[in-house]
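The lines below spell out each chain.
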Amino acid sequence: MGKAIAIDGPSASGKSSVSKGVAAELGFIYVDSGALYRGVTWQAIRKGVDPKDAAAVLEAMHSADWAFFVKNGAAIFSVDGDVPVQELREKDVREAVARVAAIPEVRKFVVESLRSLENFGSLVMEGRDIGTVVFPDSPHKFYLDADPEERAMRRYRELVAAGEDEKAHEVMESLKKRDQIDATRKADPLVVAPGAQVIDSTSMTLEEVIQTVIDAVRRKA
Ligand code: DC
């Protein structure tokens, strides 16, 4: 069995850039677990389902055909033959995903799917519950954090770079709301996993964070 490096933390804490960098340097497969929660949300929305209607979301999820594969060093999925990428970042998905991710049966489906990716090889998986729920036995767990203002600014710059018309204070509000839902939901709230190394990236460069993770993984290898 390969290694599974778990990288958890709140929105815009730098998980994606760090996880991609670590995966590239170690030759591991990068997995964005949030993309799958977004995929379930997107599938529901495109089937005309109200994301607040948990039973209908589950029906849309269970009746779809999901497949997983590796492309360019990253695990990705198709749903009913389509591979959503940009669609997962759209506003309707972004605004509904925290609610969908709070549905216990959605979490069960996603967690089982994520575990099955170990069949592809060693993984660097970013998310909210990777160290606590998906791979609790992994010796390689990290919790990335950064000040809320810094995280909001990072997310704002990302959105602007992607051509979205957003206001900084709205991004801050939406981030706070998502943090609140993620940290207080009953099913697998965002917490630091036992044994996880906490890295506060507020005043670190991306490269420093990547090296901190890689050094820690090598020390335990
Ligand atoms: O990381 P992200 O912004 O793409 O995550 C989207 C949503 O999914 C967010 O509300 C948190 C949730 N999520 C989760 O509950 N567990 C994970 N392992 C990953 C994401």
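Summarised in this report is the structure supplied together with it.

Thresholds applied
- Residues numbered from 1 in each chain as written.
- Predicted model: local features only at pLDDT ≥ 70, side-chain atom pairs only at ≥ 80, totals over all residues.
- Heavy atoms only, no water.
- Phe/Tyr/Trp six-rings, centres within 6.5 Å; stacked < 30°, edge-to-face > 60°.
- Buried < 20%, exposed > 50% of the residue type's maximum accessible area, 1.4 Å probe, protein only.
- 1 Å grid on protein atoms, 1.4 Å probe; cavity = no way out; pocket = protein on both sides within 12 Å on 5 of 7 lines; lining within 4 Å.
- Points joined across faces, edges and corners; volume = space filled by probe spheres on them.
- Helix = DSSP H or I, 4+ residues; strand = E, 2+ residues; numbered from the N terminus.
- Nonpolar A, V, L, I, M, F, W, Y, C, P; charged D, E, K, R; others polar.
- Contact = heavy atoms within 4.5 Å.
- Polar contact = N/O pair within 3.5 Å; in protein donor to acceptor, adjacent residues only side chain to side chain.

Across all of its chains, the model carries three aromatic pairs by this definition. Where Phe68 meets Phe77, the ring centres are 6.4 Å apart and the plane angle is 50°; that geometry is what we call tilted. Under the relative-accessibility criterion, Phe68 is labelled partly exposed at 25%. An aromatic cluster of three or more residues is present, and its members are Trp66, Phe68, Phe77 and Phe109.

Attention shifts here to the layout of surface pockets. Quantified by volume, the second largest pocket comes out at close to 450 Å³. Listed by contribution, the elements that provide at least two residues to the lining of the second largest pocket are helix H4 (91-100), helix H7 (148-161) and helix H8 (168-184). Examining the composition of the lining of the second largest pocket, we find that seven residues originate from one element, H8, more than from any other. Classifying every residue of the lining of the second largest pocket by side-chain character gives seven nonpolar, two polar and 11 charged.

To continue, consider the environment of Arg154. Topologically, Arg154 is positioned in helix H7. Taking the C-alpha atoms as reference, Arg154 lies 20 Å from Val85; in sequence the two are 69 residues apart. Non-local contacts of Arg154, meaning those with residues more than four positions away in its chain, are made with Ala12, Ser13, Gly14, Ala146, Ser201 and Thr202. Separated by 3.1 Å, the side chain of Arg154 and the backbone oxygen of Ser201 make a polar contact.

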